[in-house]
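# Residue-level structural notes
Residues per chain, in single letters:
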Amino acid sequence: MAAQRKSPACSELILLCLFFGMPWEARARQIYYSVPEEIEKGSFVGNVSKDLGLEPRELTERGVRIVSRGRTQLFALNPRSGSLVTAGRLDREELCAQSPRCLVSFNILVEDRVKLFGIEIEVTDINDNAPKFQAENLDIKINENVAPGMRFPLLEAIDPDVGVNSLQNYQLSPNKHFSLAVQSRASGVKYPELVLELALDREEEAVHHLVLTASDGGNPLRSGTVLVSVTVFDANDNAPVFTSPEYRVSVPENIPVGTQLLTVTATDKDEGANGEVIYSFRKLPDTQLVKFQLNEYTGEIKLSESLDYEETGFYEIEIQAEDGGAYLATAKVLITVEDVNDNNPEVIITSLFSPVSEDAPLGTVIALLNVHDLDSEQNGQVTCSISGNLPFKLEKSIDSYYRLVTHRGLDREQVSSYNITVRATDGGSPPLSTQTHLTLQLADINDNPPSFSHISYFTYIPENNARGASIFSVTALDPDSEENARVVYSLAEDTIQGAPLSSYISINSDTGVLYALRSFDYEQFRDIQMQVTASDSGNPPLSSNMSLSLFILDQNDNAPEILYPALPTDGSTGVELAPRSAEPGYLVTKVVAVDRDSGQNAWLSYRLLKASEPGLFSVGLHTGEVRTARALLERDALKQSLVVVVQDHGQPPLSATVTLTVAVADSIPDILVDLGTLESPANPDDSGLTLYLVVAVTAVSCVFLAFVIVLLAFRLRRWHSSRLLQASRDGDGLAGVPTSHFVGVDGVRAFLQTYSHEVSLTTDSRKSHLIFPQPNYADTLISQESCEKKDPLSLLDDSKFPVEDTPLVPTRFLLTSGTSSFMDNYSFFKKRNNSDCLWMEELDSNGPLERRPTDLHSVLFCLI
């Protein structure tokens, strides 16, 4: 066995290559080998790995494989040795019939480089077939009057082998009457003729038995024989003669079965039985014998089986005409089959590289296609195209191969897969075409970040929410696929009032649902700003952000707080004074309350819940002012107890109550006698009532004496304060003045001739104002605690007023002018969820008018 490659070199170089078994390339990418037929399966043909420049182990790694078109695989690659071996039985006669050279062509594909190498293997003939006659017996009829030298055609033997292994010679068994002449046709085919050497005498010998032997030139020599029986007839001196020694006809391959192709005609001048001609096929292989039908009497030749140009395009038939006297004549019938466009092109997907990355560069090979049409010439010329506006194109490769490559950018998010239709059309008339469909999947890369439908969102949640409650759900979409599209949600790091945002709110990283980790308080903060980040799981990951505003809704969770009157802390009893001469509508006192909620939840209403003397006092619904509802009578008790309830407008409403004690008297001395009744009642088990009365009188006398002394001191102090106030007004500014004058006995202090004013202070000095209405004369008793505040009246601004540390308590102010005291009843408190704002409530007879931030600029007051 030897491997050879074509070369334009001389025959000596070819012989040298054959001798050493070395492959030789005739042109790029074409390799030739030679192998004899009938070798065992798995026999070595050639070292493919060496000829391709690869190591044997690289054949599998590089995807080296054989690609052929429709033919049974005759050869295979041995991946361990890297050699080309036979995959089955090689029969040269079956592959190439009588062709002088038998070449088997196929391609080897190196898949990772998408390179094709043409392989051409010549299958050499061995002497595996003996010459064979179509019949075992041959009858020849010869008239006895035939002159010596007459020649009679004999059967030709058929040997499928070629070259020296084919038929080489004929031999005839010895006979004195006959000899053998071997002739050669123009094609070089030898045929035997029987030559009459001596005249025949039927009466001497009617039948002669001869043996014709056909032998080839192979080693070992093979031969075949046929028994020839020569029957001697009486005289018939004319042989049949064909009208033409050769008949030619051309028919299309799609001619229907049963169609008459042609008629051969032979005539015999003899008469009777010697002139009757019988037609028959002489030399016709069995495969062709079934395709044609010959009428032995008329010479008509008809088609008995459909023709196929792609199978056989030419038929050579030998017809013999025999008369009744055993004379023979032969003629040739040459039938040419014309090709018609009856075969659709065939497209074979040799390789398909799917999926392909969406970022594949231009010119990336997607598929390798083999296109073939069994028709010939123009009918076999095939053009390929792809339909639709696709980002691919076809490029011609070697032989009949095409490469499908990219010629535009790919984007999986726009088109995730392509259904590509390859259309192959031949050049026939009409043209035939074939469509082949292939599906190409695109592999995703992480080229798209997650995206939210909006850049910002807002949502609401009521305060006092349950821990772990769901707040909001965000969704980001990523058009990528699989891991590149799996979105993970997170919150950007931030702080709220010094605490990390993660201690207030958490987010489910998979679903994007936000949860509250603690209960929110509207009074602490009213909104939370946060940033949500959505990241995909690609490599590297991509992300996008959105902002979320969480607004906390107020709930009615705070009951009103009573600022005034405040509960005493020193054991004394706060008493409000109402003179018996007070007219209906007289302002006795004012209940001041606040609610830390907002909106409707902070709207307060006041009402009288309980009174010791019903109908004597009334409470302003919105102002909380306690006024006399009628004139006081002598029968009215000195001590009046009132229970005032303050209620907000929330759902459900919350309330607080305060108990007021009102002393009914025209002056302080009038109530001193009954002061003991204002204190805590004595033990009911005590006895010695007289002793207590004496002690009470003594105590009252002492208190009265102390009251007179304090009253004198109070008058002097008030006169001094009015002088300071007047001096401050003259200088466009107020300096500190002493605290308001007051008188008191035994822990009960009374303010005389007070004026009630309403002050509204804001952080904007342009909006602060002070209102001085007409005075209401009243004697007011307040607790010892409120009278112990000694801070002088001063000019305050934001820097002097400790906003952050100001408690939420009521404050009383007394402004003094001359000998009169102007008493303003108002309340202010610091809003705890706003570190820079102090609030005051401006009141009138109808309730709250306005609550605004206060600026304590240019306001002079005295804390009592």
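Residues numbered from 1 in each chain as written. Predicted model: local features only at pLDDT ≥ 70, side-chain atom pairs only at ≥ 80, totals over all residues. Heavy atoms only, no water.

## Brief notes about the overall build of the chain
Helix and strand counts for the chain come out as nine helices and 62 strands. If you take every contact in the chain between residues at least 6 apart in sequence, the share linking residues at least 24 apart comes to 67%. Carbon and sulfur atoms make up 52% of the accessible area of the chain, which amounts to about 43400 Å² in all. (Helix = DSSP H or I, 4+ residues; strand = E, 2+ residues; numbered from the N terminus. Contact = heavy atoms within 4.5 Å. Areas by Shrake-Rupley, 256 points an atom, 1.4 Å probe, with all protein chains shown as cover.)

## Digging into the pairing of strand β42 (residues 543–553)
Across seven bridges, strand β33 (residues 456–462) lies against β42 in parallel orientation. Each bridged residue has a counterpart across the sheet, and for Phe458 the counterpart in β42 is Ser549. By the bridge criterion, nine bridges tie strand β41 (residues 527–536) to β42 in an arrangement that is antiparallel. Bridge pairing in β42 links Asp527 to Phe551. Connecting β41 to the next strand, β42, in antiparallel fashion are six residues. (Pairing = 2+ DSSP bridges.)

## A word on the pattern of salt bridges
If the charged atoms of two oppositely charged side chains come close together, the side chains can form a pair. With the rule as written, the count across this model stands at 24 salt bridges. One salt bridge connects Arg596 with Glu561, and the closest N-O pair in it is separated by 3.7 Å. You can see Arg596 sitting in the loop between β46 (592–594) and β47 (604–611) and its partner Glu561 sitting in strand β43 (residues 561–564), a full 35 residues away along the chain. Assessed through its relative accessible area of 41%, Arg596 is described here as partly exposed. Here Glu561 falls in the partly exposed class, since its relative accessible area comes to 29%. (Salt bridge = Lys/Arg side-chain N within 4 Å of Asp/Glu carboxyl O. Buried < 20%, exposed > 50% of the residue type's maximum accessible area, 1.4 Å probe, protein only.)

## So, the state of the cysteines
Counted by the stated rule, this structure contains one disulfide. Disulfide partner of Cys96: Cys102, at an S-S distance of 1.9 Å. Residues Cys96 and Cys102 are joined through a disulfide that is right-handed, its torsion about the S-S bond being 65°. Residue class for Cys96 comes out buried when judged on its relative accessible area of 13%. (Disulfide = S-S within 2.5 Å.)

## A closer look at the packing of aromatic side chains
With the rule as written, the count across this model stands at ten aromatic pairs. Considering the side-chain rings of Phe75 and Phe106, the 5.7 Å spacing of their centres and the 25° angle between planes classify their relative orientation as stacked. Linking Phe75 in strand β4 (residues 75–78) with Phe106 in strand β6 (residues 103–110), this pair joins segments that are 31 residues apart in sequence. Ring centres 5.9 Å apart and planes at 85° place the aromatic pair Phe458 and Tyr460 in the edge-to-face group. For Tyr460, a relative accessible area of 47% gives the class partly exposed. The residue whose ring lies beneath Arg185 is Tyr191, and the NZ or CZ to ring-centre distance is 4.2 Å. (Phe/Tyr/Trp six-rings, centres within 6.5 Å; stacked < 30°, edge-to-face > 60°. Lys NZ or Arg CZ within 6 Å of the ring centre and 35° of its normal.)

## Thoughts on the sheet that holds strand β17 (residues 260–263)
Here we have three strands laid out as an open sheet, ordered β17-β21-β20, and antiparallel in their pairing. What marks the edges here is a single partner per strand, and that holds for β17 and β20 (292–294). For this sheet, the mean inter-axis angle between neighbouring strands, taken without regard to orientation, is 20°. (Axes fitted to C-alpha atoms, helices over the stretch in contact; angles between N-to-C directions.)

## Overview of unusual backbone geometry
Most peptide bonds take the trans form, and the phi angle of most residues other than glycine is negative. Looking along the chain, the bond that leaves Tyr564 and enters Pro565 is cis, with omega of 0°. Residue position: Pro565 is located in the loop between β43 and β44 (576–578). Following Gln651, the chain continues into Pro652 via a peptide bond in cis, with omega recorded as -5°. In this fold, Pro652 is placed in the loop between β50 (639–648) and β51 (655–664). Residue Asn464 is not a glycine yet carries a positive backbone phi of 60°. Position of Asn464 relative to the elements: it lies in the loop between β33 and β34 (470–473). Judged by its relative accessible area of 41%, Asn464 is partly exposed. The backbone of Glu482 sits at a positive phi, close to 50°, despite the residue not being glycine. Within the secondary structure layout, Glu482 lies in the loop between β35 (476–477) and β36 (487–491). On the basis of relative accessible area, Glu482 is assigned to the exposed category, the value being 72%.

## Brief notes about the side chain of Gln320
Mapped onto the elements, Gln320 comes out in strand β22 (residues 314–322). Classification of Gln320 as buried rests on a relative accessible area of 12%. For Gln320, the contacting residues outside a window of four places in its chain are Phe242, Ile278, Tyr279, Ser280, Arg282, Leu328, Ala329 and Thr330.

## Side note on the nonpolar core
The biggest cluster of nonpolar side chains holds 29 residues, and the ones touching the most others in it are Ile505, Leu514 and Phe520. Sorting the residues of this core by element identifies β33, β34, β36, β39 (505–507), β40 (513–516), β41 and β42 as the ones contributing at least two each. Discounting residues that sit within four places of it in the chain, Leu514 has contacts with Ala469, Ser470, Ile471, Phe472, Val474, Leu491, Ile505, Ser506, Ile507, Met530 and Leu548. Leu262, Val277, Tyr279 and Leu294 belong to the second largest nonpolar core, which has 26 residues in total. (Core = buried A, V, L, I, M, F, W, Y, C linked by side-chain atoms within 4.5 Å.)

## Let's talk about the sheet that holds strand β23 (residues 328–338)
Pairing is mixed in the open sheet, where four strands are placed in the order β16-β23-β22-β19. With partners counted over all chains shown, the strands left at the sheet margins are β16 (246–252) and β19 (278–281), one partner each. Adjacent strand axes in the sheet meet at a mean angle of 25° when their direction is disregarded. Two strands pair when backbone bridges link them, and β19 and β22 are joined in this way by four bridges, in the antiparallel orientation. Within β22, the position partnered with Ser280 by the bridge is Gln320.

## A look at the environment of Gln497
Within the secondary structure, Gln497 is located in the loop between β37 (495–496) and β38 (499–500). The exposure class assigned to Gln497 is exposed, which follows from its relative accessible area of 54%. In this structure, the C-alpha to C-alpha distance between Gln497 and Phe525, residues 28 residues apart in sequence, is 9.0 Å. Among the polar contacts listed, one links the side chain of Gln497 to the backbone oxygen of Gln524, at a separation of 3.2 Å. (Polar contact = N/O pair within 3.5 Å; in protein donor to acceptor, adjacent residues only side chain to side chain.)

## Focus on a nonpolar patch on the surface
Together, Phe458, Tyr460 and Leu553 make up an exposed nonpolar region whose accessible area comes to about 330 Å². Mapped onto the elements of the fold, Tyr460 is located in strand β33. (Patch = residues over 30% accessible without salt bridge, like charges linked within 9 Å, V, L, I, M, F, W, Y side chains within 5 Å.)

## Let's talk about the confidence of the model for the chain
Predicted confidence across the chain gives a mean pLDDT of 77, with 76% of residues reaching 70 or more. Confidence, expressed as mean pLDDT per element, reaches its minimum in the chain at strand β57 (residues 794–795) with 31 and its maximum at β40 with 94. Below pLDDT 50 for its whole length, residues 731–864 participates in 345 contacts with residues either more than four positions away or in separate chains. (pLDDT = per-residue confidence, 0-100.)

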